[in-house]
Amino acid sequence: MTETNTSLGYEQARDELIEVVRKLEAGGTSLEDSLALWERGEELAQVCRHWLEGARARLDSALAAREAGAGGVDGAREGGGGDERDA
């Protein structure tokens, strides 16, 4: 990615990508302008993918850490909670 693209946040890239798609779908642009829009759209889609992959990795890491650190605690809560209600 270019330096400009890495500085875009997910929402900025997504919003600009929506605008690019809108312009392409509307038509009426020259072939050269359409190609430039398409190329920009591809760059923006890559920025969005980058952010989403990073978010997925963070989520997976957090879930794995939670499962590893709280595996015994969750089991004790479930069993203990059921025992207290039954008593």
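All values reported here derive from a predicted model rather than from experimental measurement.

S.K.: I'm lost on the overall build of the protein in this one. Help?
M.R.: Summing up its helical and strand segments, the protein has three helices and zero strands in all. When the helices and strands of the protein are read in sequence order from the N terminus, they spell out α-α-α. Split into buried and exposed, the 87 residues of the protein put 16% on the buried side. For the protein, the share of sequence-separated contacts (at least 6 apart) that also reach a separation of at least 24 residues comes to 71%.

S.K.: Could you clarify how one ought to interpret helix H2 (residues 10-26) in this entry?
M.R.: Given 3.6 residues per helical turn, the α-helix brings residues three or four places apart onto the same face. Relative to the 24 Å expected for 17 residues at 1.5 Å per residue, H2 spans 24 Å between its end C-alpha atoms, a close match to the ideal helical length. Phi turns positive one or two residues past the end of H2, at glycine 27, with a value near 75°.

S.K.: Where do I start with the environment of leucine 24 in this structure?
M.R.: In this fold, leucine 24 is placed in helix H2. The exposure class assigned to leucine 24 is partly exposed, which follows from its relative accessible area of 30%. Taking C-alpha positions, leucine 24 is 7.8 Å from tryptophan 38, a pair spaced 14 residues apart along the chain. Discounting residues that sit within four places of it in the chain, leucine 24 has contacts with Ser34, Leu37 and Trp38.

S.K.: I tried to follow the nonpolar core on my own but got confused; where do I start?
M.R.: When a protein is soluble and globular, its nonpolar side chains tend to lie buried together. Residues Leu8, Ala13, Val20, Leu37, Leu44, Val47 and Cys48 constitute the largest nonpolar core, which totals seven residues. Those elements that place two or more of their residues in this core are H2 and helix H3 (31-86). The dominant element in this core, judged by the number of residues it contributes, is H3, at four residues.

S.K.: Explain the environment of valine 20 here, please?
M.R.: For valine 20, the position within the fold is in helix H2. Those residues within four positions of valine 20 in sequence are excluded, and the remaining contacts are Leu37, Arg40, Gly41 and Leu44.

S.K.: Help me out: how do you make sense of the confidence of the model for the protein in this one?
M.R.: Detailed conclusions should not be drawn from predicted coordinates in areas where pLDDT is low. For the protein, the mean per-residue pLDDT works out to 84, and 74% of the residues sit at or above 70. At the level of individual helices and strands, the protein shows its lowest average pLDDT in helix H1 (residues 3-6), which scores 54, and its highest in H2, which scores 98. Contacts from residues 75-87, a stretch scored under 50 in pLDDT, to residues over four places away or in other chains number one contact.

S.K.: Just checking my understanding: could you explain the pattern of salt bridges for this structure?
M.R.: Any two side chains of opposite charge can pair if their charged atoms end up close together. Evaluation of the coordinates by the stated rule reveals five salt bridges. Across the salt bridge formed by arginine 22 and glutamate 19, the nearest N and O atoms sit 2.4 Å from each other. You can see arginine 22 and its partner glutamate 19 sitting in helix H2, three residues apart, about one turn around the helix. The shortest N-O distance in the salt bridge between arginine 56 and aspartate 60 comes to 3.5 Å. Of the two residues, arginine 56 and aspartate 60 are both situated in helix H3; the distance of four residues between them amounts to about one turn of the helix. With a relative accessible area of 48%, arginine 56 lands in the partly exposed category. One network of salt bridges, with partners in common, ties together Glu16, Arg40 and Glu43.

Quick notes on the rules
- Residues numbered from 1 in each chain as written.
- Predicted model: local features only at pLDDT ≥ 70, side-chain atom pairs only at ≥ 80, totals over all residues.
- Heavy atoms only, no water.
- Helix = DSSP H or I, 4+ residues; strand = E, 2+ residues; numbered from the N terminus.
- Buried < 20%, exposed > 50% of the residue type's maximum accessible area, 1.4 Å probe, protein only.
- Contact = heavy atoms within 4.5 Å.
- Expected span 1.5 Å × (residues − 1).
- Core = buried A, V, L, I, M, F, W, Y, C linked by side-chain atoms within 4.5 Å.
- pLDDT = per-residue confidence, 0-100.
- Salt bridge = Lys/Arg side-chain N within 4 Å of Asp/Glu carboxyl O.

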